[in-house]
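Observations on the three-dimensional arrangement
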There are 2 protein chains.
Amino acid sequence: MATMHDVARLARVSVSTVSYVLTGTRPISQATRDKVLAAMAELDYQPNAMARGLASRRSRIVGLLMPMDERGLGATETAFVTGAAAAASAAGYHLVLSPVGVGDLDDLRRLASQRMLDGAVLMEVQVEDGRVAALQEAGVPLVLIGRTGDTTGLAYVDIDFEQTVRQAVEHLVGLGHRRIVYVNHSAATIAAGYGPAVRTRDAFVAAMSGHGLEPVMIPAEDSAAGGRAALTAALDQAPDLTAVLAMNENAIFGILGELAVRGLAVPHDVSVVSMVTSPQVAELATPALTAMTSPGSALGRMAVEALLRRLEDGGDDDHQRLLPCALEIRGSTGPAPRPTAAAGGGDTVPTRSGPPGT
Amino acid sequence: MATMHDVARLARVSVSTVSYVLTGTRPISQATRDKVLAAMAELDYQPNAMARGLASRRSRIVGLLMPMDERGLGATETAFVTGAAAAASAAGYHLVLSPVGVGDLDDLRRLASQRMLDGAVLMEVQVEDGRVAALQEAGVPLVLIGRTGDTTGLAYVDIDFEQTVRQAVEHLVGLGHRRIVYVNHSAATIAAGYGPAVRTRDAFVAAMSGHGLEPVMIPAEDSAAGGRAALTAALDQAPDLTAVLAMNENAIFGILGELAVRGLAVPHDVSVVSMVTSPQVAELATPALTAMTSPGSALGRMAVEALLRRLEDGGDDDHQRLLPCALEIRGSTGPAPRPTAAAGGGDTVPTRSGPPGT
DNA sequence: ACGGTTAGTCGAAACGCTTCGACAACCCCT
DNA sequence: AGGGGTTGTCGAAGCGTTTCGACTAACCGT
């Protein structure tokens with residue numbers, strides 16, 4: 001493994017000159033630069049990351065901290081990662097993904113104090129997230145994907161849930177739906193203050209009220225069974241529902257299954273919109289789901305770019321940016337089954353059309 | 001940020017003594033050790049990772065290299081990651097996930113030559129995988145999850161596809177199924193030599209032949225549409241099929257959708273087994289899928305443990321280990337619809353029972 | 001013709017740790 | 001009593017960079 005000394009010797013210059021060629025911190029004549037670059041090429045020189053990090057006190061590593069639960073990473077999260085990795089790599093940084101859960105704060109603290117990370121991007125931020133404080137105490141610059149409750153002085157990028165929900169509701173209302181049920185994450189998740197769950201809830205209430213409609217909301221466990229239960233509850237509470245808006249990517253398959261069991265055809269009897277869903281998942285269903293596609297890769301890129309800007313400029317540029325999901329219409333939404341004669345809502349299950357199936 | 005010097009001064013010992021307390025490379029008296037530990041606690045000392053890495057020429061970082069395509073990480077891959085991370089963390093190593101695709105070999109080479117990784121675990125190994133050579137040239141010890149074509153001198157852990165397929169086939173045959181179709185990954189993937197696709201194909205042929213049955217195999221694109229097309233092709237080729245064995249986690253939802261469209265009930269008319277599938281995904285379907293659950297977290301743990309053993313002992317312990325998937329019976333398999341009167345296979349579509357729907 | 005910049009280069013001192021050689025002190029055999 | 005091990009500690013020499021201060025030479029305006 002060639003070192004800088006070897007390069008310097010071969011190029012007949014001093015070590016510091018080689019360093020200046022590499023870092024560009026001081027002017028170097030073209031002739032010298034060429035000699036040095038030639039020597040580096042000949043020796044297949046690669047700077048030693050540890051030595052560089054020690055001397056410069058900057059590792060050129062940024063961490064992407066994502067809690068990994070057993071559910072796995074959806075395509076949405078993966079898009080974050082690839083977007084972030086691309087941005088980091090383009091800037092000459094390494095992006096390391098660290099599966100630190102919200103639980104192992106000590107692990108995180110250790111990681112941070114070891115000066116191995118120049119900065120960090122946090123995924124899956126909770127409204128009360130100990131990781132934020134831990135990193136701030138350790139002096140690690142950070143950018144969130146998502147938001148904590150109090151965002152003052154914090155840099156973040158997040159999905160614009162408000163606009164996303166509004167757009168989804170408008171799509172359904174535009175198709176004539178008046179009785180729309182929102183299937184959120186579980187009650188526990190909402191109570192825990194999980195940002196997307198809380199914010200979409202509020203946004204749904206606002207959007208429905210804006211249309212003069214009553215917001216019906218049902219929580220659901222993150223599973224197919226949870227989805228089935230939620231749909232049952234939804235039909236209890238609003239037997240005349242014609243559309244379901246679901247935040248819960250796991251529950252949605254249960255919802256679809258239960259609809260099929262009850263002989264309700266999608267989208268003929270009930271329209272379904274899936275929120276913050278990747279095209280890949282949307283296509284798994286039959287018919288493919290109309291969904292609000294999350295701007296995953298853009299979010300990842302923006303987060304890393306904001307972080308690097310703050311690292312290089314040292315500026316406390318409080319970057320706060322929201323991106324809405326894009327409405328992608330597929331086969332699961334259609335016109336409301338019948339003109340909403342009485343918006344008050346009937347108390348009997350209306351006659352449904354057609355045979356079961358799909 | 002306290003350094004070792006500070007600790008040494010406070011404890012009234014030399015710097016090297018502090019180091020020995022930390023690394024245990026030389027005996028230290030209990031009294032001294034206590035003094036040093038007390039000083040470390042008081043100063044909230046954390047060793048500087050860069051300095052340690054530079055001096056010891058070992059970063060205590062192992063990389064988990066996983067190509068991240070847009071499909072995202074399934075629960076199976078996520079289990080690899082969590083298993084690996086847990087094992088690394090238990091041994092005092094950091095696991096960094098690097099989303100290096102098979103494409104950016106130069107990126108990988110750079111990463112490797114920068115001496116930032118003590119070793120690497122490769123996921124999603126191709127039969128011809130340039131990353132293996134790149135890492136070997138850079139002198140980075142590695143362990144594969146999956147296998148290349150030629151595994152001599154390579155350490156790996158992998159799924160025992162042979163046994164997994166055999167067990168799945170036995171389950172179906174035990175239920176009376178004789179006409180079983182295997183839906184593999186796409187033809188292109190198989191042609192590219194993707195290990196799981198190739199190995200399951202061979203294993204399926206062997207298992208079916210072992211039972212005196214004809215192996216019918218259909219490739220499918222990794223999407224719901226691919227699954228639908230595959231089922232259509234399967235019914236063309238084997239109209240009397242009573243069971244589908246699917247390797248393709250994405251296609252399986254298309255298969256189920258198409259079965260429903262055709263009015264074939266699962267498991268009444270057709271049994272479905274999903275291979276190398278996580279419980280989470282299996283539960284998404286209605287009915288939940290009987291599946292061969294991959295030993296993801298165990299594989300990840302074993303891979304890291306093998307890697308660390310090789311790092312610490314320096315031993316060229318050619319760790320090669322296979323783990324089968326576990327059969328988990330859920331609702332998608334049942335007895336074959338009718339006794340296989342003539343195993344030769346009919347040439348007309350037999351009458352199917354019952355109404356459509358789940 | 002002369003001080004004042006600026007461009008280009010060098011040597012040496014960090015950076016915070018590990019590790020090697022040395023050495024004192026002690027213990028155990030014979 | 002003297003040699004051979006251990007045990008426990010220290011000082012110093014790296015590890016491969018970056019970065020600071022210093023120096024030379026060329027160039028500027030006056």
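Each residue is numbered by its place in its chain's sequence as written, counting from 1. All chains are assigned letters beginning at A, and all ligands numbers beginning at 1, according to the order in which they are written. Where local features are concerned, this predicted model is filtered to residues with pLDDT of at least 70; where side-chain atom pairs are given and counted, the filter is 80 or more; whole-chain, interface and lining totals use all residues. The basis for every side-chain value is the complete set of heavy atoms in the structure, and neither hydrogens nor water enter the calculation.

The name given to chain A in an unreviewed UniProt entry is LacI family transcriptional regulator, with Micromonospora costi as the source organism.

Residues and elements named next belong to chain B. Between any two strands, at least two bridges found by DSSP are needed for them to pair. Strands here mean DSSP runs of E at least two residues long; helices mean DSSP runs of H or I at least four residues long; both are numbered from the N terminus. In space, the six strands of this open sheet follow the order β7-β6-β8-β9-β10-β12, with mixed pairing throughout. If you trace the sheet from one side to the other, it starts and ends with β7 (216-219) and β12 (326-328), each paired once. On average, each strand axis in the sheet is inclined to that of its neighbour by 20°, with strand direction left out of account. Summarising the sheet, strand β6 (residues 180-184) and β7 pair through four bridges and their orientation is parallel. Note on β7: the bridge partner recorded for valine 181 is valine 216. Strands in contact with helix α11 (residues 224-237) are β6, β7 and β8 (243-246); relative to β7, the strand with the most contacts, it is inclined by about 150°. By definition in these notes, contact holds between two residues if any of their heavy atoms fall within 4.5 Å. Axis lines are fitted through C-alpha atoms, for helices just across the contact stretch, and the angle between N-to-C directions can take any value from 0 to 180 degrees. Against the sheet, helix α12 (residues 251-261) engages β6, β8 and β9 (271-274), with an angle of about 170° to β9.

The subject of this paragraph is the side chain of threonine 32 of chain A. Residues and elements named next belong to chain A. Relative to the assigned elements, threonine 32 resides in helix α3 (residues 30-43). What makes threonine 32 buried here is its relative accessible area of 18%. Polar side-chain contacts of threonine 32 include one of 2.7 Å to the side chain of serine 29. Among residues more than four places away in sequence, those in contact with threonine 32 are Val13 and Thr17. For every residue, the accessible area obtained with a 1.4 Å probe (protein chains only) is divided by the maximum for its type, and the residue is called buried under 20%, exposed over 50%, and partly exposed between those limits. Distance and chemistry together define a polar contact, namely a pair of N or O atoms within 3.5 Å, with one atom able to donate a hydrogen and the other to accept it when in protein, and with adjacent residues in sequence counting only for side-chain atoms on both sides.

This next bit is on the protein's contact with DNA strand D. Only heavy atoms are used to decide nearness, and a residue is near a molecule or strand if one of them lies within 4 Å of it. Around DNA strand D, the surrounding shell holds 29 residues, and the nearest of these are Ser19, Tyr20 and Arg26 of chain A together with Thr17 and Thr32 of chain B. Each atom of DNA strand D within 4 Å of the protein was classed as base or backbone; sugar and phosphate made up 56%. Arginine 26 of chain A places a side-chain nitrogen or oxygen 2.3 Å from a base oxygen of DNA strand D. Between a phosphate oxygen of DNA strand D and a side-chain N or O atom of threonine 17 of chain B, the distance comes to 2.5 Å. Among the secondary structure elements, those contributing two or more residues to the surface near DNA strand D are α1 (4-11), α2 (15-23) and α4 (49-56) of chain A together with α2 (15-23) and α4 (49-56) of chain B. A class-by-class count of the residues in the surface near DNA strand D yields twelve nonpolar, 13 polar and four charged. Amino acid classes used here: Ala, Val, Leu, Ile, Met, Phe, Trp, Tyr, Cys and Pro are nonpolar; Asp, Glu, Lys and Arg are charged; the rest, including Gly, are polar.

Moving on: helix α7 (residues 130-137) of chain B. Residue and element names in this part refer to chain B. Among the residues making up α7, those that are buried are Arg131, Val132, Ala134 and Leu135. What you see down the axis of α7 is that its buried residues fit within an arc of 165°, all on one side. In the stretch just after α7, glycine 139 is the one whose phi turns positive, near 75°. This arc corresponds to the set of directions leading from the helix axis out to the C-beta atoms.

What follows is about the relation of the copies chain A and chain B. Of the transformation superimposing chain A on chain B, the axial component is 0.0 Å and the angular component is 180°, with the fit at an RMSD of 0.1 Å. With respect to symmetry, the two chain copies, as superposed, fit the operation of a two-fold axis. In this comparison the copies share one frame, found by least squares on the C-alpha atoms of residues holding pLDDT of at least 70 in both.

With that settled, consider the pairing of strand β1 (residues 61-65) of chain B. Residue and element names in this part refer to chain B. Burial analysis of β1 places five of its five residues in the buried class, the great majority of the element. Neither face of β1 is exposed, since Ile61, Gly63 and Leu65 on one face and Val62 and Leu64 on the opposite face are all buried. In the sheet, β1 pairs with strand β2 (residues 94-98) via five bridges, with the strands oriented parallel. Across the sheet, the residue bridging to leucine 64 is leucine 97, located in β2. Here β1 runs beside strand β3 (residues 119-122); their pairing, made up of four bridges, is parallel.

Residue and element names in this part refer to chain A. Strands sit in the order β7-β6-β8-β9-β10-β12 across an open sheet of six strands; the sheet is mixed. The open sheet terminates on both sides in strands that have one partner only, identified here as β7 (216-219) and β12 (326-328). Direction aside, the axes of adjacent strands within the sheet are offset by 20° on average. As paired elements, strand β9 (residues 271-274) and strand β10 (residues 290-293) share two bridges and run parallel to each other. Looking at β10, one finds that serine 274 is bridged to alanine 291. Each of β6 (180-184), β7 and β8 (243-246) is contacted by helix α10 (residues 195-210), which is oriented at about 170° to β6, the strand it contacts most.

All names here are of chain A. Within the element layout of this structure, threonine 290 appears in strand β10. A relative accessible area of 0% means that threonine 290 is categorised as buried. The residues touching threonine 290, leaving out its near neighbours within four places in the chain, are His171, Val272, Val273, Ser274, Leu327, Glu328, Ile329, Arg330, Gly331, Ser332 and Thr333.

Moving on, we get to the domain arrangement of chain A. When the parts of a complex come together, some accessible area is lost, and that lost area is often used as the size of the interface. All the domain ranges listed were derived from an automatic or database domain assignment. Domain annotation for chain A reports domain 1 (4-47), domain 2 (61-159 + 296-324) and domain 3 (161-293). Of note, the centres of domain 1 of chain A and domain 2 of chain A, computed from C-alpha atoms alone, are 35 Å apart.

A separate point is the protein's contact with DNA strand C. Close contacts around DNA strand C come from 27 residues, with Thr17 and Thr32 of chain A together with Met4, Tyr20 and Arg26 of chain B the closest. Backbone sugar and phosphate groups make up 58% of those atoms of DNA strand C lying within 4 Å of the protein. Between a phosphate oxygen of DNA strand C and a main-chain N or O atom of methionine 4 of chain B, the distance comes to 2.4 Å. Taken together, the elements giving at least two residues each to the surface near DNA strand C come down to α2 and α4 of chain A together with α2 and α4 of chain B. Looking at the surface near DNA strand C residue by residue, the classes come out as twelve nonpolar, eleven polar and four charged.

Quick look at the packing of aromatic side chains now. Two aromatic rings from Phe, Tyr or Trp, using only the six-membered ring of Trp, form a pair when their centres are within 6.5 Å; if the ring planes differ by under 30 degrees the pair is stacked, by over 60 it is edge-to-face, and anything between is tilted. Applying the stated criterion across every chain yields a total of three aromatic pairs over all chains. The ring of tyrosine 93 of chain A carries the charged tip of arginine 60 of chain A above its face, separated from the ring centre by 4.7 Å. We call a charge positioned over a ring when the NZ of a Lys or the CZ of an Arg lies within 6 Å of the ring centre and within 35 degrees of the ring normal.

Turning our attention to the interface of chain A and chain B. Contacts between chain A and chain B engage 49 residues on the former and 48 residues on the latter. Buried area counts how much accessible surface, traced with a 1.4 Å probe, disappears from two parts once they are put together, with both parts' losses summed. Together chain A and chain B conceal approximately 4,300 Å² of surface at their shared face, both sides included; 68% is due to carbon and sulfur atoms. Among the residues of chain A in contact with chain B, Met50, Gln114 and Leu284 of chain A are the three that bury the most area, contributing 15% of the side total. On inspection of chain A and its partner chain B, the count reaches five residue pairs in polar contact (both at pLDDT 80 or more). Those elements that provide at least two residues to the side of chain A that touches chain B are α4, α5 (75-90), β2 (94-98), α6 (105-113), α11 (224-237), α12 (251-261) and α13 (279-284) of chain A. When residues of the side of chain A that touches chain B are assigned to their parent elements, the largest contribution, six residues, is made by α5 of chain A. Across the side of chain A that touches chain B, the residue classes break down as 25 nonpolar, 16 polar and eight charged.

Right, let's get into the packing of α6 of chain A against helix α7 (residues 130-137) of chain A. Residues and elements named next belong to chain A. Direction vectors running N to C along α6 and α7 enclose 25°, while the axes themselves pass 9 Å from each other. In terms of axis orientation, α6 runs roughly parallel to α7. Considering only the axes of α6 and α7, their crossing is right-handed. Contact residues: Leu105, Leu108, Arg109 and Ala112 in α6; Gly130, Arg131, Ala134, Leu135 and Glu137 in α7. Taken together, the residues that form the contact of α6 with α7 break down as five nonpolar, one polar and three charged. For classification purposes, angles smaller than 35 degrees are called roughly parallel, those larger than 145 roughly antiparallel, those between 65 and 115 roughly perpendicular, and all remaining angles oblique. Crossing chirality is assigned from the near helix's rotation relative to the far helix, an anticlockwise turn below a right angle marking it left-handed and a clockwise turn marking it right-handed.

Residue and element names in this part refer to chain A. Of all five residues in β6, five are buried, a share of seventy percent or more. Judged from the four bridges that link them, β6 and β8 form a sheet pairing that is parallel. Paired with tyrosine 182 across the two strands is leucine 245, which belongs to β8.

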